[in-house]
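A look at the structure
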Amino acid sequence: MSEKTSCCKKGFRASRRTALKGIAAGVGMLALPPSNASASIWETFFQKNFRELSKEELLATLKRLEKEYSKEFGKEVKVKATPHIEGVTFGYGLDLSRCIGCRRCVYGCVAENNQSRDPQIHWIRVQQLDKEKGVDLAHAEQYYNPDLVPEEGHFYMPVQCQQCRQPPCVKVCPVQATWPERDGIVVVDYNWCIGCRYCMAACPYGARHFNWKKPGLPAEELNPDTHYLGNRPRYVGVVEKCTFCIQRTREVPGRYPACEEACPVGARKFGNLLDPDSEMRYLIENKRVFIFKEDLNTQPKFFYFYAT
Amino acid sequence: MKRRHVKLSLLFLGLAFAVFLFPGSAAAKEKYFDRSGRLIVVDEPAANLLRTYDIKDRPPEKQFPVPPAPFSEGIFPCSDCHADMAPNPKRRKLTEYHENIVLNHAEGQRWCLDCHNLNDRDKLRLVSGEVISFDESYRLCGQCHGDKYRDWKVGVHGKRIGNWNGDKEYLLCAHCHNPHDPKFKPLKPLPPPVRPDEIRP
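Because the structure is predicted, anything quoted here is derived from the model rather than measured. (Residues numbered from 1 in each chain as written. Chains lettered and ligands numbered in written order. Predicted model: local features only at pLDDT ≥ 70, side-chain atom pairs only at ≥ 80, totals over all residues.)

**Remarks on the overall build of chain A**
Filter applied, for reference: Under the scheme used here, helices are H or I runs from DSSP no shorter than 4 residues and strands are E runs no shorter than 2 residues, and both carry numbers assigned from the N terminus. Between the buried cut of 20 or more and the exposed cut of 12 or fewer other C-beta atoms within 10 Å of a residue's own C-beta lies the partly exposed class, and all C-beta atoms are placed from the backbone. Note on contacts: each residue gets a C-beta atom placed from the backbone, and two residues are in contact if those atoms are within 7 Å.
Regarding its fold elements, chain A presents nine helices and twelve strands. Here the C-alpha coordinates of chain A stretch approximately 90 × 50 × 35 Å along the principal axes. Of all 308 residues assigned to chain A, the portion counted as buried reaches 38%. Partitioning the contacts of chain A with sequence separation of at least 6, the portion at a separation of at least 24 is 65%.

**Details of the confidence of the model for chain B**
Here is the rule we go by: The predictor rates its confidence in each residue with pLDDT, a number between 0 and 100.
In this model, chain B carries a mean pLDDT of 80, and residues with pLDDT of at least 70 account for 83%. Across the whole predicted complex the pTM is 0.79, and at the interface the ipTM reaches 0.80.

**Remarks on unusual backbone geometry**
All names here are of chain A. Cis rather than trans, the peptide bond between Val 149 and Pro 150 has omega equal to 0°. Residue Pro 253 follows Val 252 across a cis peptide bond; omega there is 0°. Structurally, Pro 253 can be placed in the loop between α7 (246-249) and α8 (258-262). Positive phi, close to 55°, is recorded for Phe 244, a residue that is not glycine. Positionally, Phe 244 belongs in the loop between β9 (239-240) and α7. In this model, Gln 299 sits at a positive phi of 50°, which is unusual for a non-glycine residue. Looking at the secondary structure, you find Gln 299 in the loop between β11 (288-290) and β12 (302-306).

**As for the nonpolar core**
To keep things clear, this is the line we draw: Each nonpolar core comprises buried Ala, Val, Leu, Ile, Met, Phe, Trp, Tyr and Cys residues, the members being joined through C-beta atoms within 7 Å. Segment limits for the domains were obtained from an automatic or database-derived domain assignment.
Judged by nonpolar contacts, the single largest core of 61 residues is most densely connected at A:Cys109 and A:Phe244. A domain-level breakdown of this core finds at least three residues from each of domain 1 (17-78) and domain 2 (90-306) of chain A. Ignoring any residue separated from it by four or fewer positions in sequence, one finds A:Phe244 in contact with A:Phe90, A:Tyr92, A:Gln163, A:Ile185, A:Thr249 and A:Pro257. Of all hydrophobic cores here, the second largest spans seven residues; its members include B:Leu124, B:Tyr138, B:Cys141 and B:Leu172.

**Side note on the packing of helix α4 (residues 137-144) of chain B against helix α5 (residues 146-154) of chain B**
Residues and elements named next belong to chain B. Heads up, the rule is: Between N-to-C directions, angles cover 0 to 180 degrees, with each direction set by a line fitted to C-alpha atoms, over the stretch in contact for helices. Angles below 35 degrees are treated as roughly parallel, those above 145 as roughly antiparallel, those between 65 and 115 as roughly perpendicular, and all remaining angles as oblique. Residues are grouped as follows: Ala, Val, Leu, Ile, Met, Phe, Trp, Tyr, Cys and Pro are nonpolar; Asp, Glu, Lys and Arg are charged; every other residue, Gly included, is polar.
As a packed pair, α4 and α5 sit with axes 6 Å apart at the nearest point and diverge in direction by 135°. Between α4 and α5, the angle falls in the class oblique. Contacts between α4 and α5 pair Tyr 138, Cys 141 and Gly 142 from the former with Gly 146, Tyr 149 and Trp 152 from the latter. Here the contact of α4 with α5 is built from residues that sort into four nonpolar, two polar and no charged.

**Some details on the sheet that holds β12(A)**
All names here are of chain A. Here is the rule: Each pair of strands is called paired provided DSSP finds at least two bridges between the two strands.
Across the sheet, which stays open at both edges, the four strands sit in the order β10-β2-β12-β11 with mixed pairing between neighbours. The sheet is open, and its two edges are formed by β10 (268-272) and β11, each paired on a single side. In this sheet, neighbouring strand axes are inclined to one another by 30° on average, regardless of whether the strands run parallel or antiparallel. Bridge count for strand β2 (residues 90-95) against β12 is four bridges, and the pairing is parallel. In the sheet register, Tyr 92 faces β12, and the bridge partner there is Phe 302.

**Description of the interface of chain B and chain A**
The interface is formed by 25 residues belonging to chain B together with 36 residues belonging to chain A. Residues that form the side of chain B that touches chain A fall into these classes: 14 nonpolar, seven polar and four charged.

**Some words on the environment of A:Asp118**
All names here are of chain A. Within the secondary structure, Asp 118 is located in the loop between α4 (104-113) and β3 (125-130). Using a count of 13 C-beta atoms within 10 Å as the deciding quantity, one classes Asp 118 as partly exposed. For the pair Asp 118 and Val 77, spaced 41 residues apart in sequence, the C-alpha to C-alpha distance is 21 Å.

**Considering α4(A)**
Residue and element names in this part refer to chain A. The element α4 is largely enclosed, with a buried count of seven among its ten residues. Buried within α4 we find Cys 105, Val 106, Gly 108, Cys 109, Val 110, Glu 112 and Asn 113. In this structure, the buried residues of α4 make contact with β3, β4 (154-159), α8 and β10. Among the residues trailing α4, Asn 114 stands out with phi positive, at a value near 55°.

**Some words on the environment of B:Val194**
Structurally, B:Val194 can be placed in the segment after α6 (173-176). A tally of 15 C-beta atoms within 10 Å means that B:Val194 is categorised as partly exposed.

**What about the domain arrangement of chain A?**
Residue and element names in this part refer to chain A. Taken domain by domain, chain A comprises domain 1 (17-78) and domain 2 (90-306). Contact with domain 1, which involves 13 residues of that partner, is made by twelve residues of domain 2. With four residues, helix α3 (residues 55-73) is the largest single contributor of residues to the side of domain 1 that touches domain 2. In the side of domain 1 that touches domain 2, the residues fall into six nonpolar, four polar and three charged.

Written out as structure tokens, the structure is:
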């Protein structure tokens, strides 16, 4: 190594340690938003976890988000944060004897919940299974595309977030960006999620989906009635999943989820498990009910049943 | 001597049968022949003895909020045409009108006027003879499809739209199932999801 001793003639004298400290500090400053960025970017950067926001902070956050989305999509977007209804635990029933695998629920969900069209994200995935083999996931086909459904000898099982009572995804999230709400819906705070995808690895149902790119959502297909924890447009690098249409079901009176209303054969049922008169209670008490991957003890609120 | 006794005893038996078995006061009595040929008369029909629910004080059928029945354009009210047509109860294949309606639903066992009311075509008829309106047609279907009817009343069969904790709209059976050809036809499925290796970066 040649000795470079000419460093101190013109420039300032700095030890290696000082130089490294300066470079590290400089790089650290790059992580902050630039000083000429709009106030909303600073607020987004310093926003707390949804559960820690005070009432005023929440309102300010919602207003800021509404402004951002309205600007991005060119139409009036509403973001609400409707709390859970007391005395309600949502349950979902899916009639395996009726589902014909038409995928109307998949696209109904996409239209209602503002999923990215390109790259494509579907919250519901329909598995085509053999009637003789039963629920044999090793031979399940989700890319089926015949001319007409249902195909002979097959039955269809749509899979979406099962809203587990012991959710493995919540257990593994390193930043607690996902949690189960009091009415049973497992939600994600898209502004807190760091995109590590541990929850996607933990979910046994493959129900969580990641935004690898900025979501491609055309403005004319946007549903402007959104919920903070539900169907508001997502960002690149966050995880999303079915939220039981939190923006519809938490209203007073609560509406049915979009997938239930899209189903042409009435294979989907939704209701309050705590209400003894609801259709959900009737079906879990009187029909043959099966839990998907019951041996994993996730205790989902999604019940597959046979009406016949 | 023996013959006269036999004749008299037969006559006596005949009279006894006539007195005890044929009068109108035996309206509620049921008669059975047991295996050895003996005649048994009981006061209550067996169906009444076996029934476990009350049919006299049964509450009236619950009304459900249903949208109007899905008639073809201009076909209802039927009495527009049928009011001045003589009703023809003869079972036959229709050739002049309604020949496009082909019954594919127990067609060997019944025909049009088993469900449609002969004298008032704006109504349907139940097996008991009761006449109901088209808005209550679920009662007609429920006569044979009782398990589906029970599930439909609770909300487990069929589609429901509206609010899960408020007003719901129940659809009539006929909204999904064509009563003359009820089996669902297969549909074209919507496109499958994009395979991961087909997602362009």
